[in-house]
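Each chain is listed here by its residues.
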Amino acid sequence: NAKAIGKNCMIWYDQNLLDRLNQDNLILKQMHRALAQHQFQMYLQPQFEVSTLKIIGAEALVRWKMDNGTFLYPDDFISLFEKDGYIYELDFEILEQACRFIKTYNVASDFSISVNFSRVTIHHKQFYQRLHDVLEKYKTPIGNIEIEITESAFHDLSNGSRAILLKLREEGFTIAMDDFGSGYSSLNLLDSISVDVLKIDKFFLVERSQKREMIIGLIVDIAKTLDMKVICEGVETEDDIDLLRKLNCPLGQGYYISKPILAQQFAEQFLNHEREIHG
Ligand code: C2E
Ligand code: MG
Ligand code: MG
Ligand code: MG
């Protein structure tokens, strides 16, 4: 868009960019209050066995219901929270909601909830201690929580954080490398970092091509060779399921089974009712 100002002077502006800046300001103004007002909600998306479609876990994904009714998705605010450092509070809020869910529904010991932790959060001085404090508070078994860290965060891991992740694995936490294959030198990371799970980035399925199908197959084989679990994100169609079966990819996550939904709805739809504790 162009708006004429005066006679000879033209200013170009982009309405989208202006909207974006206005929204960013609103987010920064409201974020500290949002936590106290319980505006962040954990949604859960099922993770399943590809061969049987049995639900084996869920990923916790945050949504923000602002007080003006606006509903925000993580891509609208996570990077702003990271710049501010506030992401640390948010990540732990979602972890708490995950632990509360595990307790409320007395979920099976082999059912895990994957919680996303920002690079900022894992570098926080109190990360290790607070993680243990929260699990202790809800008496959550370590095996019920999976820690998800996006691939790119492993590139700038400090020695201290690296040691902490190692220690957490020794204690029995499962650590997943999220969005695997989306960054640069992913293979190099496999040599220098040890994690338990590779989550193949949804891009390879969502923007499927013959080449990308072969790449998924290669990542599955690498994971198996290195004795890691592997799960493919972005499973949207029956066709995607068929492909993953052909490639022997054991686990999947995506709209084909369900979008991320509210925790209570998840429990009603996907948890065994006999497991529920009442009161
Ligand atoms: P992610 O961890 O890779 O999560 C998967 C994203 O893919 C989610 O987007 C999910 O809704 C979406 N998705 C799931 N199935 C499908 C599918 O079949 N097709 C397509 N096209 N998309 C699918 P969402 O919920 O918008 O989250 C975006 C990202 O925000 C997440 O990517 C994660 O990196 C980050 N995020 C979400 N919650 C948190 C949080 O509590 N803390 C932190 N630090 N980051 C979070
Ligand atoms: Mg994730
Ligand atoms: Mg991610
Ligand atoms: Mg991902």
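By convention here, each chain's residues receive numbers from 1 onward along its written sequence. To label them, take the chains in the order written and letter them from A, then take the ligands in the order written and number them from 1. The model is predicted, so local features are restricted to residues of pLDDT at least 70 and side-chain atom pairs to those at 80 or more, both for listing and for counting; the totals for chains, interfaces and linings are taken over all residues. With hydrogens and water excluded, all non-hydrogen atoms of the structure serve as input to the side-chain values.

## So, the site of ligand 1
- Around ligand 1, a shell composed of 25 residues is seen, among which Arg 63, Asp 91, Asp 178, Glu 236 and Tyr 255 lie nearest.
- Any pair of N or O atoms that falls within 3.5 Å is considered a polar contact. Within protein, one atom must be able to donate a hydrogen and the other to accept it, and sequence-neighbouring residues count only if both atoms are side-chain atoms. Asn 116 has a polar side-chain atom sitting 3.1 Å from an oxygen atom of ligand 1.
- The separation between an oxygen atom of ligand 1 and a polar side-chain atom of Asp 179 is 3.0 Å.
- Protein chains shield 87% of the accessible area of ligand 1, which is 800 Å² for the free molecule.
- Counting residues per element, the ones that place at least two in the shell around ligand 1 are strand E4 (55-65), helix H2 (74-84), helix H3 (87-104) and strand E8 (174-180).
- Considering every element that reaches the shell around ligand 1, the biggest residue donor is E4, with four residues.
- Any residue that is not Ala, Val, Leu, Ile, Met, Phe, Trp, Tyr, Cys, Pro, Asp, Glu, Lys or Arg is counted as polar, Gly included; the first ten are nonpolar and the last four charged. Residues belonging to the shell around ligand 1 are distributed by class as follows: 10 nonpolar, five polar and 10 charged. We call a residue near a molecule or strand when any one of its heavy atoms sits within 4 Å of it. Reported accessibility uses the Shrake-Rupley method at a 1.4 Å probe radius. Residues are deemed covered only where the shown protein chains occlude them. A helix here means a DSSP run of H or I that spans at least four residues, while a strand means a run of E at least two residues long, and both kinds are numbered starting from the N terminus.

## Concerning the confidence of the model for the chain
- Averaged over all residues, the pLDDT of the chain is 92; the fraction at 70 or higher stands at 93%.
- Across the predicted assembly, pTM comes out at 0.92 and ipTM at 0.97. Residue-level confidence of the predictor, termed pLDDT, takes values from 0 up to 100.

## Quick word on H2
- Every buried residue belonging to H2 is among Pro 74, Phe 77, Leu 80 and Phe 81, and all of these are buried. For H2, the buried positions fall inside an angular range of 155° around the axis, keeping them on one side. Residues Asp 75 and Lys 83 are exposed on H2 and point more than 90 degrees away from its buried face.
- For H2, the elements touching its buried residues are helix H1 (15-36), strand E3 (40-49), E4, strand E5 (71-72) and H3.
- Residue Gly 85 follows H2 closely and has a positive phi angle near 90°. We call a residue buried when its accessible area falls under 20% of the maximum for its residue type, exposed when it is over 50%, and partly exposed in between, using a 1.4 Å probe and counting protein chains only. To obtain the arc, one takes the directions from the helix axis to the C-beta atoms. Two residues qualify as a contact provided that any one of their heavy atoms is within 4.5 Å of a heavy atom in the partner residue.

## Details of the coordination of the magnesium ion (ligand 4)
- Donor atoms from the polypeptide that bind the magnesium ion (ligand 4) are Asp 178 (OD), Asp 179 (OD), Glu 233 (OE) and Glu 233 (OE), placed at 2.0 to 2.6 Å.
- Considered as a linear motif, the donors of the magnesium ion (ligand 4) on their single chain read D-D-x53-E.
- With water omitted from the atoms examined, metal sites may look incomplete; donors here are N, O and S atoms no farther than 2.8 Å from the metal, or 3.2 Å in the case of Na, K and Ca. Between the magnesium ion (ligand 4) and the magnesium ion (ligand 2) the interatomic distance comes to 4.4 Å, and Asp 178 is a ligand of both metals.

## What to know about unusual backbone geometry
- Here the phi dihedral of Asn 106 falls at roughly 45°; this positive angle occurs in a residue that is not glycine.
- On the secondary structure map, Asn 106 appears in the loop between H3 and strand E6 (112-116).
- A residue is classified by how much of its surface remains accessible, and Asn 106, at 40% relative accessible area, is partly exposed.
- A positive phi angle, near 65°, is found at Asp 227, a position not held by glycine.
- Mapped onto the fold, Asp 227 is located in the loop between helix H9 (210-225) and strand E10 (229-232).
- Overall, the relative accessible area of 73% leaves Asp 227 in the exposed class.

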